[in-house]
Amino acid sequence: MQDLIRQLLAEIGEDPSRDGLLDTPKRVEKAYRFLTSGYDADIDQVLNGALFAVDYSEMVIVKDIDFYSLCEHHLLPFFGKCHVAYIQRDRVIGLSKIPRLVDVFSRRLQVQERLTNQIAETIQAKIVPLGVAVVMEATHLCMSMRGVEKQNSFAVTSAMLGAFRTASRTRMEFLELIKLRSATPVLGRGTPAGLACVGED
Ligand SMILES: [Zn+2]
């Protein structure tokens, strides 16, 4: 990877051998290894020992989870807040594990819609709750830094499964509790093209 970074530096008109850039390839490699470390994570190991049996059901919400990811179209960061809720059936996840799950899927090359769905589907698969909701609000540097469609550099995506999809009261209760800083999200699994980085240029 370090050779590639040296080549990249030369391609953009830099001198990879000047003092300030000598250690850059090493640093960039280290940063990319960390920012993409989610590929190697084993979900079951992440959740290990953190699934508990319960005999009541209620909505569990973890909101304002910070996340940082890389857009797969431009390899530039998109980052913001993730809000997760689920209604347990007979199992719960340790609360500290939810941010860990968000990290695992964020530390990959992503598009915001897929990231949102992967978090929801993993919780759905692991604890089989009555419903799962995930909302992500993010700023996309690939759009704001390049000055394209500035109004769209902030995007909200959501994945609603089970009760959050079928019962509008449950969904509204969740949305009320997380109080989005922007407009109401587009509900459902897909987000119309144009709302998030679509990688057209
Ligand atoms: Zn992008």
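This structure is a prediction, so every number in the text was calculated from the model and none was measured.

Engineer: What is the right way to read the overall build of the chain from this model?
Structural biologist: A tally of helices and strands in the chain yields eight helices and seven strands. Sorting the 201 residues of the chain into buried and exposed places 32% on the buried side. Restricting to contacts in the chain with at least 6 residues of sequence separation, those with at least 24 account for 73%.

Engineer: Looking at this model, I keep getting lost on the nonpolar core. Mind explaining?
Structural biologist: One recurring pattern in soluble globular proteins: nonpolar side chains tend to sit buried together. Val 102, Ile 119, Val 132, Ala 133 and Val 134 are the most contacted members of the largest nonpolar core, which totals 38 residues. At six residues, strand S6 (residues 131-140) tops the list of elements feeding residues into this core. Dropping the residues within four chain positions of it, Val 132 is found in contact with Tyr 86, Ala 120, Ile 123, Gln 124, Leu 161, Gly 162 and Phe 164.

Engineer: For this particular structure, what's the right way to read helix H1 (residues 2-11)?
Structural biologist: Along an α-helix, a turn takes 3.6 residues, which lines up residues three or four apart on a common side. Little of H1 sits out of view: just zero of its ten residues are buried. Taken from the residues just after H1, Gly 13 is the one with a positive phi, measuring 95°.

Engineer: Which parts of the structure should I look at to understand the environment of Leu 8?
Structural biologist: Along the chain, Leu 8 turns up in helix H1. Overall, Leu 8 belongs to the partly exposed group, with 14 C-beta atoms counted inside 10 Å. Linking Leu 8 and Pro 25, residues 17 residues apart in sequence, is a C-alpha distance of 9.6 Å.

Engineer: Help me understand the sheet that holds strand S3 (residues 77-87), please; the structure alone is not making it clear to me.
Structural biologist: Sheet strands pair by backbone hydrogen bonding; their relative direction is either parallel or antiparallel. The sheet built from five strands is open, its strands ordered S5-S2-S3-S6-S7 with mixed pairing. Bordering the open sheet on either side are strand S5 (109-110) and strand S7 (154-162), each of which pairs with just one other strand. Most of the contacts of helix H4 (residues 97-106) go to strand S2 (residues 59-71), to which it runs at about 25°, and overall it touches S2, S3 and S5. Where helix H8 (residues 168-178) meets the sheet, its contacts fall on S2, S3, S6 and S7, and the angle it forms with S6 comes to roughly 40°.

Engineer: Just checking my understanding: could you explain the packing of H1 against helix H2 (residues 24-35) for this structure?
Structural biologist: Viewed as axis vectors pointing N to C, H1 and H2 meet at an angle of 120°, and their least axial separation amounts to 8 Å. The orientation of H1 relative to H2 falls into the category oblique. In this structure, H1 crosses over H2, and the sense of that crossing is right-handed. Here H1 contributes Gln 2, Ile 5, Arg 6 and Leu 9 to the contact with H2, which in turn contributes Thr 24, Pro 25, Lys 26, Val 28 and Glu 29. Residue composition of the contact of H1 with H2, by class: four nonpolar, two polar and three charged.

Engineer: Explanation requested: the packing of H4 against helix H5 (residues 112-127) in the structure shown.
Structural biologist: Two numbers describe a pair of packed helices, the interaxial angle and the distance between the axes. At their nearest, the axes of H4 and H5 sit 10 Å apart, and the two run at 135° to each other. Comparing their axes, H5 and H4 come out oblique. Viewed along their axes, H4 and H5 form a crossing whose handedness is right-handed. Contact residues: H4 offers Leu 101, Val 102, Phe 105 and Ser 106, while H5 offers Leu 115, Gln 118, Ile 119 and Thr 122. Looking at side-chain class alone, the contact of H4 with H5 contains five nonpolar, three polar and no charged residues.

Engineer: Help me understand the pairing of S3, please; the structure alone is not making it clear to me.
Structural biologist: Two faces, one strand: in a regular strand the side chains alternate between the faces of the sheet. Pairing analysis gives ten bridges linking S2 to S3, with the strands arranged antiparallel. Looking at S3, one finds that Ile 61 is bridged to Ala 85. Taken together, S2 and the strand that follows it, S3, pair antiparallel across an intervening segment of five residues, in which Leu 75 is found at a positive phi of about 55°. Note: S3 against S6, ten bridges, orientation antiparallel. From the neighbouring strand, Ile 87 faces S6, where its bridge partner is Gly 131.

Engineer: Explain the confidence of the model for the chain here, please?
Structural biologist: When pLDDT drops low, the exact placement of atoms in the prediction is not to be read closely. Chain-level statistics for the chain give a pLDDT mean of 87 and a share of 86% at 70 or above. A low-confidence stretch, residues 183-195 (pLDDT under 50), is modelled with 24 contacts involving residues beyond four sequence positions or located in other chains.

Engineer: Any chance you could explain H4 here in plain terms?
Structural biologist: Taken together, the buried positions of H4 are occupied by Ile 98, Leu 101, Val 102, Val 104, Phe 105 and Ser 106. In this structure, the buried side of H4 is in contact with helix H3 (43-47), S2, S3, strand S4 (91-93), S5 and H5.

Calculation criteria
- Residues numbered from 1 in each chain as written.
- Predicted model: local features only at pLDDT ≥ 70, side-chain atom pairs only at ≥ 80, totals over all residues.
- Helix = DSSP H or I, 4+ residues; strand = E, 2+ residues; numbered from the N terminus.
- Buried ≥ 20, exposed ≤ 12 C-beta atoms within 10 Å, placed from the backbone.
- Contact = placed C-beta atoms within 7 Å.
- Core = buried A, V, L, I, M, F, W, Y, C linked by C-beta atoms within 7 Å.
- Pairing = 2+ DSSP bridges.
- Axes fitted to C-alpha atoms, helices over the stretch in contact; angles between N-to-C directions.
- Parallel < 35°, antiparallel > 145°, perpendicular 65-115°, else oblique.
- Left-handed = near helix turned anticlockwise from the far one by under 90°.
- Nonpolar A, V, L, I, M, F, W, Y, C, P; charged D, E, K, R; others polar.
- pLDDT = per-residue confidence, 0-100.

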